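Analysis of the macromolecular model
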Amino acid sequence: MSNYYQPEIETASYEQIREWQSERLVKQIKRVWDNVPYYRKKMEEKGVTPDDIKGVDDLKKLPFLTKADLRDAYPYGLLGAPLSDCVRIQSTSGTTGKRVVAFYTQNDIDLWEDCCARAIVAVGGTKEDVCQVAYGYGLFTGGAGLNGGSHKVGCLTLPMSSGNTERQLQFMTDLGSTILCCTPSYALYLAESIHEQGIIDQIKLKAGIFGAEAWSEDMRRDIENKLNIKAYDIYGLTEITGPGVSFECEAQTGMHINEDHFIAEIIDPDTEEVLPEGSKGELVFTCITKEGFPMIRYRTRDICVLSREKCPCGRTHVKMSKPMGRSDDMLIIKGVNVFPSQIETVLIQQGYAANYQIVVDRVNHSDTLEVLVEMTPELFSDSLGKITEMEKILVAELKTMLGIYAKVKLVAPKTIARSEGKAVRVIDKRKI
Ligand code: DLL
């Protein structure tokens, strides 16, 4: 039986959700028109005024915002409330140029923490739980968001931040953590360390809430098996609020978007045309309750699919698939689109852990792709013949998946640098 943090919202009818969205959108656009000259100008350029926005169906009339707008408007140009009403900033490193700085009023923080509390309750969290938050604290939204959600649920919260693995494991065993929140790559690292130290019997974890970076279904199974837990996905981005924009429920088949706060659309990234439900495209969000940093039709660059299929958990909010890569992270190698997640899938299917690095370069005007893969202790071999054989298998499997040749280099366990936050998977030397 499912538990909900805010049952009347999380299981509201589709009609009710649309009604909330329409009402809030109309109000939000008026607020933004009055308070955010940067966006007002964009509306004027498109010939739209708040009077044209009567409900969700009019959303498509509004202009998009992109990372480039954030850069142009940095730092205060997209502020939606007086600075004196803002109580916090959070920030993330942009892929290019300036950092993203988002502003929050107290009300924004309160609603954000509700979203994270929904995610914790959805994985079975209650006030009896010990919730170890090993996302980074500080400017990154991961620590702050899940910390706030954990308080709201009433869990005993361990504000560990990321890193210091010895201390993480000590508290995990001494205080009996039952829920772990961190990036999936750090979860895997913690799992490896637990097995190395032979302390799996002392671990009481039952669930993990992992997000902030792409991870495959195979990686999920790997973490679940190694830690003997259920591993749930959580998604979000600083511009929209942070973790908890969407979260997975017990069905583990996609993440429910908190539609009472965020309206989701899927567009064709090239034509900007809104695509029908079920299409794969770029995810766009409109914040309808945010005051400090009210993003309207913000292009996330994340590629995914939305689905309104009935969910066995009873939640009615639309589900998004795992992001299948980012439209701007996608590597184009010899003209072929390559997503790092495809490479990860091959590696895990072949029994490797998700410890790898992709190196892309250009030699004699031609792109090259090399994948460094760590051998797991089980697969470890120091026989040159055996290693060459294993590399050949991976080359063939990658060729089938990607359609192009990738050089594979197997390296000894624990030789690829571990990250405590988001893993650095790709080194594209063509950009350096
Ligand atoms: O990563 C917020 C977050 C913190 C989400 C903790 C989940 C848990 P940013 O640093 O702004 O915010 O990065 C946002 O990370 O556009 C996606 O490309 C990627 N991302 C976030 N969650 C997932 C996920 C946080 N579950 C960017 N799966 C987003 C895949 C994810 N990618």
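As shown above, the structure is provided for reference.
Keep in mind that what you see is a predicted model, and the values were worked out from it rather than measured. (Residues numbered from 1 in each chain as written. Predicted model: local features only at pLDDT ≥ 70, side-chain atom pairs only at ≥ 80, totals over all residues. Heavy atoms only, no water.)

**A short note on the site of the ligand**
Around the ligand lies a shell of 21 residues, among which T92, D233, I234, T238 and D302 are the nearest. One of the backbone N or O atoms of E213 is found 3.2 Å from a nitrogen atom in the ligand. In the environment of the ligand, an oxygen atom lies 2.6 Å from a nitrogen or oxygen atom belonging to the side chain of D302. If you list the elements that add at least two residues to the shell around the ligand, you get α6 (141-153) and β7 (230-237). Ranked by residues supplied to the shell around the ligand, first place goes to β7 with five residues. For the shell around the ligand, the residue count by class is nine nonpolar, six polar and six charged. (Near = heavy atom within 4 Å. Polar contact = N/O pair within 3.5 Å; in protein donor to acceptor, adjacent residues only side chain to side chain. Helix = DSSP H or I, 4+ residues; strand = E, 2+ residues; numbered from the N terminus. Nonpolar A, V, L, I, M, F, W, Y, C, P; charged D, E, K, R; others polar.)

**Regarding the sheet that holds strand β16 (residues 356-363)**
Within a sheet, neighbouring strands are paired by backbone hydrogen bonds and run either parallel or antiparallel to one another. Spatially, four strands are ordered β18-β17-β16-β19 in an open sheet, and the strand pairing comes out mixed. Two strands close off the open sheet at either side, each with one partner strand: β18 (407-411) and β19 (426-428). The mean inter-strand angle of the sheet, taken between neighbouring strand axes irrespective of direction, is 20°. Bridge count between β16 and β19: three bridges; the pairing is parallel. Bridge pairing in β19 places I358 opposite V426. The sheet contacts of helix α11 (residues 384-402) involve β17 (366-374) and β18, and relative to β18 the element is tilted by about 135°. (Pairing = 2+ DSSP bridges. Axes fitted to C-alpha atoms, helices over the stretch in contact; angles between N-to-C directions. Contact = heavy atoms within 4.5 Å.)

**Quick notes on the side chain of Q6**
Within the element layout of this structure, Q6 appears in the segment before α1 (7-10). By relative accessible area, which is 15% here, Q6 ends up buried. Within polar-contact distance, the side chain of Q6 engages the side chain of D114 at 3.5 Å. For Q6, the residues in contact, after removing those within four places along its chain, are D114 and R118. (Buried < 20%, exposed > 50% of the residue type's maximum accessible area, 1.4 Å probe, protein only.)

**Examining the nonpolar core**
Core analysis: the biggest nonpolar cluster contains 68 residues, and L62, L146, I240, L283, F285 and M295 have the highest contact counts within it. Among the elements that line this core, the one with the most residues is helix α5 (residues 106-122), at nine residues. With sequence-adjacent residues up to four places away left out, L62 is seen in contact with I29, Y39, M43, K46, V48, I53, I296 and R297. Listed in part, the 47 residues of the second largest apolar core include L188, V373, I404 and L410. (Core = buried A, V, L, I, M, F, W, Y, C linked by side-chain atoms within 4.5 Å.)

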